[in-house]
Amino acid sequence: QVQLVESGGGLVQPGGSLRLSCVASGSIFSIYTMGWYRQTPGKQRELVATITNTGSTNYADSVKGRFTISRDNAKNTVYLQMNSLNPEDTDVYYCKANVRTVSGYSQGYWGQGTQVTVSS
């Protein structure tokens, strides 16, 4: 079993910054792509940013130049530094990791989500 736990969400004023963290634990053999997604209730979950195990990154157009994704492979952790936040960034943010378990199975795992609210 694999667990992902996010932290770092909260309330921030427009123009402010937040840093999200997501730690993966459990029966992990290796982690391939890790990423952040966000979802507004009633809408489809959308990609924010992803990073491969070799450091290649991909961003949604709406966050390019404002958000930075990074990871610490030794700690099975992925981060999302969010700068210049605006109210449109308000959402529940979810971490996802594509994991190969020690049993040899590969699948995607999701965290429970962390709320980010941008408001004055």
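Located above this text is the structure these notes cover.
Here is what the cut-offs are and how they apply
- Residues numbered from 1 in each chain as written.
- Predicted model: local features only at pLDDT ≥ 70, side-chain atom pairs only at ≥ 80, totals over all residues.
- Heavy atoms only, no water.
- Salt bridge = Lys/Arg side-chain N within 4 Å of Asp/Glu carboxyl O.
- Helix = DSSP H or I, 4+ residues; strand = E, 2+ residues; numbered from the N terminus.
- Buried < 20%, exposed > 50% of the residue type's maximum accessible area, 1.4 Å probe, protein only.
- Contact = heavy atoms within 4.5 Å.
- Phe/Tyr/Trp six-rings, centres within 6.5 Å; stacked < 30°, edge-to-face > 60°.
- Lys NZ or Arg CZ within 6 Å of the ring centre and 35° of its normal.

Draft legend 1. A look at the pattern of salt bridges. Evaluation of the coordinates by the stated rule reveals 5 salt bridges. R38 is paired through a salt bridge with E46; the nearest N and O atoms lie 2.8 Å apart. The network of salt bridges with common partners includes R38, E46, R66, D89 and D91.

Draft legend 2. Geometry of the side chain of S21. Within the secondary structure, S21 is located in strand β3 (residues 18-26). For S21, a relative accessible area of 17% puts it in the buried group. When near neighbours in sequence (up to four residues on either side) are disregarded, S21 contacts V5, E6, S7, W36, V78 and Y79.

Draft legend 3. Quick peek at the packing of aromatic side chains. Evaluated as defined, the whole model comprises 1 aromatic pair. Relative to W110, the ring of Y37 lies with its centre 5.0 Å away and its plane at 65 degrees, an arrangement referred to as edge-to-face. A residue pair is termed long-range when its members are at least 10 positions apart, and Y37 in strand β4 (residues 28-39) and W110 in strand β10 (residues 106-110) qualify at 73 residues. Exposure remark for W110: the relative accessible area of 36% places this residue in the partly exposed category. Between R45 and the ring centre of Y94, over which it is positioned, the NZ or CZ distance is 3.6 Å. If you follow R45 out to its NZ or CZ, it ends over the ring of W110, 4.5 Å from the centre.

Bear in mind that shape data such as this cannot, by itself, settle questions of function.
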